[in-house]
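The lines below spell out each chain.
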Amino acid sequence: MSDFGGMEDLLQDFLQEAHDLLSDVDNKLVDLEKTPDDRGLLNDIFRGFHTVKGGAGFLNASELVTLCHLTENLFDRLRNGELELNPELMDVIMAATNGVREMFNELGQMVQPQPADPQVIAALRSALEGEHNSVPHGVVEAPLAPHDVAAEAVSAPSGAPGDPDWDKLHSAVTGETATHGEFMAKEAPAVAVVVPKAADVPATVTAAGAAPAPSPLGRRATDRPNGQPTSARRSEERGRENTIRVDTARLDQVLNLSGEIGLTKNRLTSLRADILAGKNDSETLHALDQAVSQLDLLVSDLQNSVMKTRMQPIGRLFQKYPRIARDLARQLGKDVELVLSGEETEVDKTMIEDLADPLIHLIRNAVDHGVELPAERQACGKPVKSLVRLEARQEGDHIVLIIADDGKGMSAERIRAKAVEKALITEEEANTLDERQSLNLIFLPGFSTMAQVSDVSGRGVGMDVVKTNIQKLNGSVEIRSEQGKGSVFVISLPLTLAILPVLLVLLGDQPFALPLSMVREILPIDRDRVQEVGGKETLVVRGEVLPVLTLARLLGWPVEQPPEYGVFMQAAERSFILGVDSFAGRDDAVIKSLEDFKPKGVAGVTTLSNGQIVLILDMKELLSDFGMRADVGGGGRMLEFG
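A few points on the structure.

## So, the sheet that holds strand 8 (residues 398-405)
Now for step 1: One open sheet holds the 5 strands; their spatial order is 5-7-8-10-9, and the pairing between them is mixed. Edge positions in the sheet fall to strand 5 (336-341) and strand 9 (476-482), since each has one partner strand and no second. Across the sheet, the mean angle separating the axes of adjacent strands is 15° when strand polarity is ignored.
Now for step 2: The sheet strands contacting helix 12 (residues 321-332) are strand 5 and strand 7 (386-395), and the helix crosses strand 5 at an angle near 165°.

## Some words on the sheet that holds strand 12 (residues 510-515)
Now for step 1: Here 5 strands make up an open sheet; going across it, the order is 19-11-12-21-20 and the pairing mixed. A strand with exactly one partner marks an edge of an open sheet, and here the two such strands are strand 19 (582-590) and strand 20 (602-607). Taking the axes of each pair of neighbouring strands and ignoring which way they run, one obtains an average angle of 35° across the sheet.

## Thoughts on helix 15 (residues 412-421)
Now for step 1: Those residues of helix 15 that fall on the buried side of the exposure criterion are Ala412, Ile415, Lys418 and Ala419. Buried residues of helix 15, seen end-on, are gathered within an arc of 125° and therefore sit on one face of the element. Turned more than 90 degrees from where helix 15 packs its buried face, Glu413 and Glu421 sit exposed.
Now for step 2: Packing partners of the buried residues in helix 15 comprise helix 17 (435-439).
Now for step 3: Within two residues after helix 15, alanine 423 carries a phi angle of roughly 65°, on the positive side.

## Quick notes on the packing of helix 9 (residues 248-276) against helix 10 (residues 282-309)
In a pair of packed helices, the angle between the axes and the distance between the axes together describe the arrangement.
Now for step 1: As a packed pair, helix 9 and helix 10 sit with axes 9 Å apart at the nearest point and diverge in direction by 155°. Classed by the angle they form, the pair helix 9 and helix 10 counts as roughly antiparallel. Seen from above, helix 9 lies across helix 10 with left-handed handedness.
Now for step 2: Its residues assigned to classes, the contact of helix 9 with helix 10 shows 15 nonpolar, 7 polar and 5 charged.

## Regarding the packing of aromatic side chains
Now for step 1: Applying the stated rule across the entire model yields 4 aromatic pairs.
Now for step 2: Aromatic pair phenylalanine 14 and phenylalanine 104: ring centres 6.1 Å apart, planes at 90°, arrangement edge-to-face. Of this pair, phenylalanine 14 sits in helix 1 (residues 8-34) while phenylalanine 104 sits in helix 4 (residues 87-108), and the two are 90 residues apart along the sequence. Comparing phenylalanine 14 with phenylalanine 104, the two get one shared label, buried.
Now for step 3: Geometrically, the ring pair formed by tyrosine 565 and phenylalanine 583 is edge-to-face, given 5.6 Å between the ring centres and 65° between the ring planes. Taken together, the positions of tyrosine 565 in strand 17 (residues 565-571) and phenylalanine 583 in strand 19 put the pair 18 residues apart, joining distant regions of the chain.
Now for step 4: The cationic tip of arginine 79 hangs over the ring face of phenylalanine 46; the distance from NZ or CZ to the ring centre is 3.7 Å.
Now for step 5: Between the NZ or CZ atom of lysine 467 and the centre of the ring of phenylalanine 443, over which it lies, the distance is 4.8 Å.

Conventions used here
Residues numbered from 1 in each chain as written. Predicted model: local features only at pLDDT ≥ 70, side-chain atom pairs only at ≥ 80, totals over all residues. Heavy atoms only, no water. Pairing = 2+ DSSP bridges. Helix = DSSP H or I, 4+ residues; strand = E, 2+ residues; numbered from the N terminus. Axes fitted to C-alpha atoms, helices over the stretch in contact; angles between N-to-C directions. Contact = heavy atoms within 4.5 Å. Buried < 20%, exposed > 50% of the residue type's maximum accessible area, 1.4 Å probe, protein only. Arc of directions from axis to C-beta. Parallel < 35°, antiparallel > 145°, perpendicular 65-115°, else oblique. Left-handed = near helix turned anticlockwise from the far one by under 90°. Nonpolar A, V, L, I, M, F, W, Y, C, P; charged D, E, K, R; others polar. Phe/Tyr/Trp six-rings, centres within 6.5 Å; stacked < 30°, edge-to-face > 60°. Lys NZ or Arg CZ within 6 Å of the ring centre and 35° of its normal.

Given below as structure tokens:
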């Protein structure tokens with residue numbers, strides 16, 4: 001049941017604005033840590049919490065108002081020079097922003113947020129009193145403030161006005177007799193803000209050396225609506241946003257084009273009537289040709305304009321990564337700055353959502369594996385501060401993302417040895433790999449150079465996720481690394497997923513569409529050059545031995561005659577020749593998904609100009625169903641078939 005009856009639309013508007021505002025505050029906090037005396041940043045962050053507090057007050061979210069009010073007061077004292085910002089105080093502030101974000105998640109479930117963790121409140125109150133400056137690095141420790149509600153719940157006797165009789169409550173529930181001291185701690189425990197173990201989880205607040213203090217009215221710190229604890233609610237995936245912000249100028253352009261198309265349609269209707277009436281002179285036919293050409297141009301412009309409404313600045317995705325890099329670097333004892341570039345580059349909205357996980361893995365990998373500890377960097381003559389660069393730019397009809405670090409780089413020899421040690425490849429296979437192929441071994445499932453599993457890495461799943469997710473977006477990942485100087489990951493993606501350039505191939509009279517991004521070359525298949533290796537057909541192309549796969553066999557169709565043409569294709573690190581009967585040209589396919597019925601090996605469908613429906617093939621799925629296993633080296637190496 002909703003706690004916001006009749007205010008659902010207002011709540012959604014507030015959450016959309018507040019999430020963006022909090023992300024902006026997170027970025028400014030990272031910048032503020034570098035320049036703690038920047039009054040502009042202090043004022044901006046103060047206004048951010050003040051704005052969220054105002055909206056929360058209008059929605060009667062009193063607990064969110066309380067948390068924002070305390071944080072706002074803290075920044076008021078900072079900007080007035082009454083407090084000095086240090087890393088420990090920043091941990092308290094980061095914990096507060098985490099609490100605000102948790103409350104946003106609860107509001108998204110249409111319920112009023114529960115009180116913030118009492119330890120967060122206590123840490124904020126103690127910070128306001130200036131009691132945080134003497135604690136060790138990474139921990140904020142302070143006694144509970146006398147007026148803190150949690151402390152009152154701990155120290156108040158059971159008979160205090162407004163406080164429940166805990167003994168009677170226990171007896172009523174369990175049928176046992178108990179004293180008040182069994183439930184309430186005699187002294188309020190100290191609280192500590194601890195730097196998080198996981199890089200993508202903001203700083204959290206935990207008890208130091210004691211159990212958490214009970215919160216008012218017997219609530220536990222983990223209590224949340226629907227019986228879900230804070231950690232469980234945080235782990236829930238937020239559904240994909242079904243709204244999008246569009247510049248009104250783009251909508252005006254779509255409206256204008258729609259009007260022009262309407263006028264052209266009226267002109268065609270008039271010409272159709274004239275032709276049906278027997279008016280077939282050259283002037284009428286010329287007018288018809290002009291109208292059709294104009295309609296073709298307008299429809300193309302309208303399609304491009306509608307596509308642009310789906311495009312969003314990638315900066316909306318980038319803005320959460322400085323906080324992630326900061327938290328992880330602080331945990332690992334490293335000094336790392338994440339430099340963003342090309343935030344105005346526009347990417348398809350659905351692609352932005354699917355890029356979140358790969359970029360997080362690559363940034364964590366750069367901070368954890370790539371850059372060195374400050375002492376190591378000094379010994380190598382490098383600056384103590386490491387730079388990790390996240391850049392986006394458009395190149396033609398592709399978007400290029402670059403994640404680069406100035407760390408120690410990767411050793412191809414060490415990677416090969418580790419892959420052999422983990423039995424991911426054999427010694428013989430390792431000896432045939434060049435440097436590029438060796439670096440690509442890090443994308444193998446289960447590969448990791450870490451000797452022990454930690455909270456950050458070592459399980460060998462991160463880079464596998466990167467490769468898989470980028471391939472789902474019809475993109476590719478390239479690695480460049482130089483030992484002692486750093487590593488660069490280059491991700492190339494199509495500009496949009498709604499339109500896919502395809503190559504139309506024929507099996508008999510039936511056309512199929514292949515993603516053009518996988519096509520490297522088209523060549524005739526000379527049967528005299530086809531050789532059998534291990535009972536499988538192969539073809540040598542410029543010194544590279546490639547298997548020949550017949551499309552009919554992949555689809556489970558009978559092979560009536562050997563294919564006449566081959567398509568040299570590369571799917572990830574798999575290179576092969578796909579045998580087809582003929583070609584029907586190239587096309588820009590408007591993809592239509594098959595939601596209710598999706599055959600294996602089919603990514604979607606498109607419609608040709610003659611109205612014929614064509615299946616767009618998912619080559620990765622077809623190859624896996626066929627039992628094709630490719631060693632990650634790709635070029636020049638043999639592929640085996642089951």
